[in-house]
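Reading the structure
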2 protein chains.
Amino acid sequence: MTSGQPLPQDRQQSLTIAQVAERTGLTHDTLRYYEKAGLIERVGRTTGNQRRYQAADLAWLEFLLRLRETGMSIADMQRFAGLRARGDETVADRLSMLREHRAELAERIRALRRNAAALDDKIDHYERLLDERQPGTDGPT
Amino acid sequence: MTSGQPLPQDRQQSLTIAQVAERTGLTHDTLRYYEKAGLIERVGRTTGNQRRYQAADLAWLEFLLRLRETGMSIADMQRFAGLRARGDETVADRLSMLREHRAELAERIRALRRNAAALDDKIDHYERLLDERQPGTDGPT
DNA sequence: GTAGAACCTGGAGTGTGCTCCAGGTCAAGC
DNA sequence: GCTTGACCTGGAGCACACTCCAGGTTCTAC
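Parameters and conventions
- Residues numbered from 1 in each chain as written.
- Chains lettered and ligands numbered in written order.
- Predicted model: local features only at pLDDT ≥ 70, side-chain atom pairs only at ≥ 80, totals over all residues.
- Heavy atoms only, no water.
- Helix = DSSP H or I, 4+ residues; strand = E, 2+ residues; numbered from the N terminus.
- Buried < 20%, exposed > 50% of the residue type's maximum accessible area, 1.4 Å probe, protein only.
- Lys, Arg positive; Asp, Glu negative; His and termini not counted.
- Salt bridge = Lys/Arg side-chain N within 4 Å of Asp/Glu carboxyl O.
- Contact = heavy atoms within 4.5 Å.
- Core = buried A, V, L, I, M, F, W, Y, C linked by side-chain atoms within 4.5 Å.
- Near = heavy atom within 4 Å.
- Polar contact = N/O pair within 3.5 Å; in protein donor to acceptor, adjacent residues only side chain to side chain.
- Nonpolar A, V, L, I, M, F, W, Y, C, P; charged D, E, K, R; others polar.
- Buried area = accessible area lost by both parts, 1.4 Å probe.
- Axes fitted to C-alpha atoms, helices over the stretch in contact; angles between N-to-C directions.
- Parallel < 35°, antiparallel > 145°, perpendicular 65-115°, else oblique.
- Left-handed = near helix turned anticlockwise from the far one by under 90°.

A short note on the side chain of Asp57(B)
Residue and element names in this part refer to chain B. With respect to the helices and strands, Asp-57 occurs in helix H3 (residues 55-69). Buried Asp-57, no salt bridge; nearest opposite-charge side chain is Arg-84, N-O distance 6.8 Å. Setting aside residues no more than four positions away along its own chain, Asp-57 makes contact with Val-43 and Arg-52.

The structure is reproduced here in structure tokens:
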């Protein structure tokens, strides 16, 4: 059931903006904003000028979301998308952007883990405080 | 050298706003903003109305920064600071706020690690692409 | 062929977390 | 006692990443 015979007409698995919104968790407005901002290349339209997203559009969006979730700014995503639009000659540049982003992410994760450990200490501290003030309410024997 | 004899006068290790800015990495403006917003209780002043931060102020600030770095909003920090200002009776509430924040943080770290792994795959992909286009430029032998 | 939902555009508005400014006061060295 | 840099306040302004709006068009189901 993956690519047997072509589906009726040739709209294959093209998706409306509402369907993409549901799949990605973005809103219609955010999808249009990303397109306006150049994060997504102009999406194909119906004859009536309505967007129809293809599988490739969705895959790219999902990659963008990964960049966003790992803290990349819109400005940097614009840079990346711009390089991508220029084609294969920019592969090295894109790779170095990704490597740099990956390194920053590693550092951020390390910092979060340090802070998590400190939070754990603080939580322990509050637990002891609470035990002193209300001893024995933590369950019987 | 921790608490031998009292230092001259009684300004002990009280710090100016510039000194606190340097130690915390915050700006003067941000420190004043945090105070205005109620994240910090009103800091002690000189007779001439200039702020002098005590060790306890600094410790609290550092804790706030940990909350901020782990993604807590100003609004939630305000809630926490408000509870703290009400004293010991709010320890249980503060504890549960911290536990919730800690759990969210754990989830965020997990998500970041998943995304980091996906980024690594993408990086591998780009590295292979680059090798195909420019074989043998990765060093001799 | 028509009702109603979904979609379109350009542009204005919003929430968050600062950051800057004007106009004045204070403190430390000479 | 004067200069100069640090500090004060209230309030305006800003960057970012959306989010909403008005007014119009298109699509789908009947």
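Overview of the nonpolar core
With 70 residues, the main nonpolar core has Leu31(A), Ile40(A), Leu98(A), Leu31(B), Ile40(B), Leu67(B) and Leu98(B) as its most contacted residues. In this view, Ile40(B) contacts Leu31(B), Tyr34(B), Glu35(B), Trp60(B), Leu61(B) and Leu64(B); residues no more than four positions away in its chain are not counted.

Topic: the environment of Gly82(A)
Secondary-structure assignment places Gly82(A) in helix H4 (residues 74-85). Distance in space between the C-alpha atoms of Gly82(A) and Leu39(A) is 7.9 Å, their sequence separation being 43 residues.

A short note on the protein's contact with DNA strand D
Taken together, the neighbourhood of DNA strand D is formed by 20 residues, with Asp29(A), Tyr34(A), Arg32(B), Arg45(B) and Arg51(B) sitting nearest. Atoms of DNA strand D within 4 Å of the protein: sugar and phosphate make up 76%, bases the balance. Here a phosphate oxygen of DNA strand D and a backbone polar atom of Ile74(A) are 3.3 Å apart. At the level of elements, helix H2 (28-36) of chain A together with helix H1 (17-24) and helix H2 (28-36) of chain B are the ones that each hand at least two residues to the surface near DNA strand D. Per-element accounting of the surface near DNA strand D gives the leading share, 4 residues, to H2(A). A class-by-class count of the residues in the surface near DNA strand D yields 5 nonpolar, 9 polar and 6 charged.

A look at the interface of chain A and chain B
Contacts between the two partners involve 33 residues from chain A, matched on the other side by 33 residues from chain B. A combined buried area of about 3,300 Å² lies between chain A and chain B, and 72% of that area is made up of carbon and sulfur atoms. Among the residues of chain A in contact with chain B, Leu112(A), Leu119(A) and Tyr126(A) are the three that bury the most area, contributing 20% of the side total. The interface formed by chain A and chain B holds 4 salt bridges in total. Taking the shortest distance from any N to any O, the salt bridge between Asp120(B) and Arg102(A) comes out at 2.6 Å. Only helix H3 (55-69) and helix H5 (91-133) of chain A provide two or more residues apiece to the side of chain A that touches chain B. Broken down by element, the residue count for the side of chain A that touches chain B peaks at 25 residues, all from H5(A).

Observations regarding the packing of H4(A) against H5(A)
Residue and element names in this part refer to chain A. Interhelical geometry of H4 versus H5 gives an angle of 155° and a closest axis separation of 9 Å. With respect to each other, H4 and H5 are oriented roughly antiparallel. Considering the relative orientation of H4 and H5, their crossing is left-handed. In this structure, H4 uses Asp-76, Arg-79, Phe-80, Leu-83 and Arg-84 to contact H5, whose residues at the interface are Asp-93, Arg-94, Met-97 and Leu-98. Among the residues forming the contact of H4 with H5, the class breakdown is 4 nonpolar, no polar and 5 charged.

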